[in-house]
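# Coordinates in review
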Amino acid sequence: MAEERRTRLSPDERRAQLVALGVAALADRPLDELSLDELAAQAGVSRGLVFYYFESKQGFHREVVRTARDAMLRATEPATDLPPLDRLHDTLERIVRFVREHRGTFFSLVRGAASGDLRVQEVVEQARSLQTERIVTVLGEMGVAESPTLRMALRSWVAFAEQYLVEAAVGTEVAEDDVVALLERTALLVVTAADPESAPLLPA
């Protein structure tokens with residue numbers, strides 16, 4: 001019987017396949033516990049080829065987390081044709097939906113933040129900074145003045161939102177609308193706590 005021929009992929013396709021396997025594996029284990037041997041076996045390649053594409057285990061981790069970050073940011077890009085508060089609500093809805101549909105991808109971001117590799121942490125921090133900027137933009141359109149205090153408070157809220165999403169959107173059957181509502185309320189509460197003068201500009 002003829003031997004089954006291994007599927008031949010281009011270097012870019014093979015690289016993307018390995019990263020996708022890494023993202024999927026993070027649904028069940030921390031970033032630091034990814035086994036390059038197991039991933040290479042799944043892809044049908046040698047461990048040496050993984051190092052050829054990514055140079056090191058840390059390099060592979062960075063690509064996995066970067067891919068997860070970019071997927072989430074693309075899926076939750078704000079709809080600029082909506083009014084500010086509707087845009088915030090819509091973005092939060094899509095974040096919750098993304099987390100529930102792509103559990104492994106989201107976990108790779110949250111777990112990547114705890115990595116000992118500073119460059120992996122930097123990849124995650126870039127996502128958090130952009131999410132913070134998105135909210136600052138919404139608030140600016142509503143007349144809320146930007147300040148260092150407000151920005152730091154919202155950056156802290158993003159970290160809170162990540163953990164809440166892990167607990168509620170992934171680990172329970174809490175209704176999507178309820179998850180979104182809590183995230184929306186807490187975001188606006190953080191704004192009024194950081195800048196009490198903004199209260200008249202926000203919904204009661």
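Presented here is a report on the structure given in the accompanying data block. (Residues numbered from 1 in each chain as written. Predicted model: local features only at pLDDT ≥ 70, side-chain atom pairs only at ≥ 80, totals over all residues. Heavy atoms only, no water.)

Membership of the largest hydrophobic core comes to 58 residues, with the highest contact counts inside it found for Leu18, Phe60, Leu139, Trp157, Leu165 and Leu183. For this core, the element with the highest residue contribution is helix α8 (residues 148–170), accounting for ten residues. Leu18 has contacts with Leu39, Ala43, Val45, Val50, Tyr53, Phe54 and Phe60, leaving out every residue within four places of it along the chain. (Core = buried A, V, L, I, M, F, W, Y, C linked by side-chain atoms within 4.5 Å. Buried < 20%, exposed > 50% of the residue type's maximum accessible area, 1.4 Å probe, protein only. Helix = DSSP H or I, 4+ residues; strand = E, 2+ residues; numbered from the N terminus. Contact = heavy atoms within 4.5 Å.)

Turning our eyes to something else, we now look at the packing of helix α1 (residues 11–25) against helix α2 (residues 36–43). Between α1 and α2, the least distance of the axes is 10 Å, while the angle of their chain directions is 125 degrees. Relative to α2, the element α1 is oriented oblique. The crossing of α1 and α2 is right-handed. For the pair formed by α1 and α2, the contact residues are Arg14, Gln17, Leu18, Leu21, Gly22 and Ala25 on the first element and Leu39, Gln42 and Ala43 on the second. Residue classes in the contact of α1 with α2 are distributed as five nonpolar, three polar and one charged. (Axes fitted to C-alpha atoms, helices over the stretch in contact; angles between N-to-C directions. Parallel < 35°, antiparallel > 145°, perpendicular 65-115°, else oblique. Left-handed = near helix turned anticlockwise from the far one by under 90°. Nonpolar A, V, L, I, M, F, W, Y, C, P; charged D, E, K, R; others polar.)

Right, let's get into the packing of α1 against helix α4 (residues 57–75). Interaxial distance between α1 and α4 falls to 9 Å at its minimum, and their mutual angle equals 80 degrees. Taken as axis vectors, α1 and α4 run roughly perpendicular relative to one another. Across from Arg15, Leu18, Val19, Gly22 and Val23 in α1, the residues of α4 making contact are Phe60, Glu63, Val64 and Thr67. For the contact of α1 with α4, the class distribution of residues is five nonpolar, two polar and two charged.

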